[in-house]
Each structure stands twice: as structure tokens, then as C-alpha cells.
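# Examining the three-dimensional arrangement
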Amino acid sequence: MLKRRRCLLADLIEIIGDASDVTIAEAENAGLNPWTLLKSLWQARKGGESWAVFDDDEVLFCIGHYPCPLRPKVRILWMVAKQGWFERGAAGVFYGRRFMKELCARFPGSRFESSSWSRHPDLLRWFALQGFTHTGYGHGSTVFEIAKKG
């Protein structure tokens, strides 16, 4: 059963030390090395909320969001994961959709935006399954958004 708690620096270090192929490729495409990735995520974590998601005692991924400094009703999402998270298939998708519904309910009227530097062929499909809409491209990344309906 998956559990979550506040993300710690140790969680980010563990994920980055054993990152999924997707996470590694995405960081490289964004021009980040493990150190600069850790530094940027630590800063993002301090500016908003973040969680580490576990199965038993193993951290599978860390996810968080923070307010966009230029757009008051937009929150920026970030995520890093181990390979085991992406191997969960449908169970991971269902967890992700439920997580995003909870998050949207906590911030009514807000839009959550996520940029991905992944070149994975299933990127658009994976985000769509999580409930996101593809909104375009910017600065070498693919941009997605999700907002509470209604």
C-alpha cells in the first residue's frame, strides 16, 4: 500500500541516486546534472508543498508544487521518480489521478502546470492518463495543465 509524507532532502537524494530512465533523460534534456537537479528541487520544495510517496519503506517518487511568481492562480508541479514507479502501470495511473483530484480540490480556482523535458514517445499519453491537458511547448519542454472541473 502506498503511503506519503512530507518530502525530505534525504528522499530527493535517494530518488536522484537511483532515478528512473525517464527522470535521468529529462534532467539531461533540461541541462541539469544530479547536483543542479537536487538544488533546484530543494528550492522548489521550500517554496511550496512536497511529498515523498513510499511502498513499504522504499521511496518511489517525490512530487511537489509551488505558486507561480508571475501568475497568481497557477501552481507549478514537479516530480522525480525511481524506475519502479513507472513499472506500476495502471495502479500508478489511478494513484496519480486521485492525487491530482485531491490537490485541485485543495486549491479551488487554481490551475496546475507541469513542464516536461522528456522525449519519451508515450509522454503525451502518460500525462493525459493522469488527467492533464497538453497546452503547448516552451523553452524546449512540453507543457501540461490540470484544473478542477466546474
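Everything below is about the structure shown above.
First, a word on what this report is: a plain description of the structure on this page. (Residues numbered from 1 in each chain as written. Predicted model: local features only at pLDDT ≥ 70, side-chain atom pairs only at ≥ 80, totals over all residues. Heavy atoms only, no water.)

### Focus: the pattern of salt bridges
Tallied over the entire structure, the rule returns nine salt bridges. Its salt-bridge partner being K82, residue E14 comes within 2.7 Å of it at the nearest N-O pair. Linking E14 in helix α1 (residues 9-17) with K82 in the loop between β4 (74-81) and α4 (83-86), this pair joins segments that are 68 residues apart in sequence. A residue is classified by how much of its surface remains accessible, and E14, at 36% relative accessible area, is partly exposed. A salt bridge links R71 to E113, with the nearest nitrogen and oxygen atoms 3.0 Å apart. With R71 in the loop between β3 (58-67) and β4 and E113 in strand β5 (residues 111-116), this residue pair connects regions lying 42 residues apart in the sequence. Take E113: its relative accessible area is 14%, and that puts it in the buried class. (Salt bridge = Lys/Arg side-chain N within 4 Å of Asp/Glu carboxyl O. Helix = DSSP H or I, 4+ residues; strand = E, 2+ residues; numbered from the N terminus. Buried < 20%, exposed > 50% of the residue type's maximum accessible area, 1.4 Å probe, protein only.)

### Digging into the pairing of β4
One face of the sheet, then the other: side chains in a regular strand alternate in exactly this way. Most of β4 is tucked away: seven of the eight residues are buried. Here β3 runs beside β4; their pairing, made up of seven bridges, is antiparallel. The residue bridging G64 from the neighbouring strand is W78, located in β4. Joining the antiparallel neighbours β3 and β4 is a turn of six residues. The pairing of β4 with β5 spans four bridges and is classified as parallel. (Pairing = 2+ DSSP bridges.)

### Overview of the nonpolar core
Ranked by internal contacts, the top residues of the largest apolar core, which has 20 residues, are F61, F99, M100, L103, F112 and F132. For this core, the elements supplying multiple residues, two or more each, are β2 (49-55), β3, β4, α5 (90-106), α6 (123-129) and β7 (141-147). With five residues, α5 is the largest single contributor of residues to this core. Sequence-distant contacts of F132, that is, excluding residues within four places in its chain, are made with L77, M100, S114, F127, F144, E145 and I146. Of all hydrophobic cores here, the second largest spans 15 residues; its members include L12, A27, L37 and W78. (Core = buried A, V, L, I, M, F, W, Y, C linked by side-chain atoms within 4.5 Å. Contact = heavy atoms within 4.5 Å.)

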